[in-house]
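# Coordinate inspection notes
Single-letter residue listing:
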Amino acid sequence: MALVAGALYGVNFNPVTHLQQTEMAGNDPNVTINHGDTWALDYVFSHWCGILLTSTVYFLLYSAVMRSRPRIYPRAVLPGILSGVMWAIADASWFIANERLSQAIAYPIITTGPGIIAALIGIFYYKEIRGRKNFIFFSIAFLLTVVGVLFTSFSKMYNTKL
């Protein structure tokens with residue numbers, strides 16, 4: 001399941017990027033038809049609609065399996081909606097980052113950020129890591145991650161053709 005989710009997550013922005021970067025020729029070789037707008041935010045609404053449709057289908061399937069008695073926890077509805085709004089803002093920001101930086105650079109940066117934040121919350125709020133040895137391991141991993149993100153970020157600035 002994780003492999004399928006990872007594969008789908010990895011190609012999530014490919015259709016949008018393809019539409020932004022490609023122009024396809026029509027029947028007349030002298031006429032070029034632009035199939036995509038280059039502004040990333042033009043694709044956000046359709047992306048969200050696809051996600052809403054997919055999650056609705058999943059919920060309907062779950063309801064059918066549960067014989068029209070799905071378990072819904074009322075206390076989780078509002079936090080779920082709020083996390084969806086936060087995700088939508090992050091998704092729109094991701095579209096902009098892909099447009100400005102390119103997918104190859106934006107993807108590692110954006111996927112690393114939430115992991116770092118979650119690790120820091122786990123350490124300082126939930127006190128998940130204890131002991132000097134564990135803090136040293138975390139510090140080394142944190143440093144390597146930040147260095148990797150910085151190298152990825154700067155690679156676009158210093159990219160020259162040989």
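The shown structure was predicted, so the numbers you read here are calculated from the model rather than taken from an experiment.

Glancing now at the overall build of the chain. Looking only at helices and strands, the chain features six helices and two strands. When the helices and strands of the chain are read in sequence order from the N terminus, they spell out α-α-β-β-α-α-α-α. Going through the 162 residues of the chain one by one, you find that 16% of them count as buried.

This paragraph deals with empty space enclosed by the protein. Gaps left between atoms are located by rolling a probe of water-molecule size over the structure's atoms. Evaluation of the coordinates by the stated rule reveals one cavity of 30 Å³ or more. When its volume is computed, the largest cavity comes out at roughly 40 Å³. As for the largest cavity, its lining consists of Phe-13, Val-16, Thr-17, Gln-20, Ala-40, Phe-95, Asn-98 and Glu-99. For the lining of the largest cavity, the elements supplying multiple residues, two or more each, are helix 2 (14-21) and helix 4 (74-101). Tallied by class, the residues present in the lining of the largest cavity amount to four nonpolar, three polar and one charged.

Before going further, it helps to examine the nonpolar core. In this structure, Phe-13, Val-16, Ala-40, Tyr-43, Val-44, Ala-92, Trp-94 and Phe-95 together form the largest nonpolar core, which totals eight residues. Take this core: its biggest share by element is three residues, from helix 4. Ignoring anything within four residues of it in the chain, the contact list for Trp-94 reads Tyr-9, Phe-13, Tyr-107, Ile-110 and Thr-111.

Per-residue confidence for the chain averages 83 on the pLDDT scale, and 85% of its residues sit at or above 70. For the chain, the element scoring lowest by mean pLDDT is strand 1 (residues 23-25), at 45; helix 3 (residues 44-65) scores highest, at 92. The low-confidence segment residues 23-28, where pLDDT is below 50, has nine contacts with residues more than four positions distant or belonging to other chains.

With that settled, the discussion passes to a nonpolar patch on the surface. On the surface, a nonpolar cluster with roughly 950 Å² of combined accessible area is contributed by Phe-59, Leu-60, Tyr-62, Ile-72, Val-77, Leu-78, Ile-81, Leu-82, Val-85 and Ile-89. Looking at the nonpolar patch, the elements with two or more residues in it are helix 3 and helix 4. Tallying contributions element by element places helix 4 first for the nonpolar patch, with six residues. Summarising the element assignment, Ile-81 is placed in helix 4. We classify Ile-81 as exposed; its relative accessible area is 51%.

About the criteria used
- Residues numbered from 1 in each chain as written.
- Predicted model: local features only at pLDDT ≥ 70, side-chain atom pairs only at ≥ 80, totals over all residues.
- Heavy atoms only, no water.
- Helix = DSSP H or I, 4+ residues; strand = E, 2+ residues; numbered from the N terminus.
- Buried < 20%, exposed > 50% of the residue type's maximum accessible area, 1.4 Å probe, protein only.
- 1 Å grid on protein atoms, 1.4 Å probe; cavity = no way out; pocket = protein on both sides within 12 Å on 5 of 7 lines; lining within 4 Å.
- Points joined across faces, edges and corners; volume = space filled by probe spheres on them.
- Nonpolar A, V, L, I, M, F, W, Y, C, P; charged D, E, K, R; others polar.
- Core = buried A, V, L, I, M, F, W, Y, C linked by side-chain atoms within 4.5 Å.
- Contact = heavy atoms within 4.5 Å.
- pLDDT = per-residue confidence, 0-100.
- Patch = residues over 30% accessible without salt bridge, like charges linked within 9 Å, V, L, I, M, F, W, Y side chains within 5 Å.
- Areas by Shrake-Rupley, 256 points an atom, 1.4 Å probe, with all protein chains shown as cover.
- Salt bridge = Lys/Arg side-chain N within 4 Å of Asp/Glu carboxyl O.

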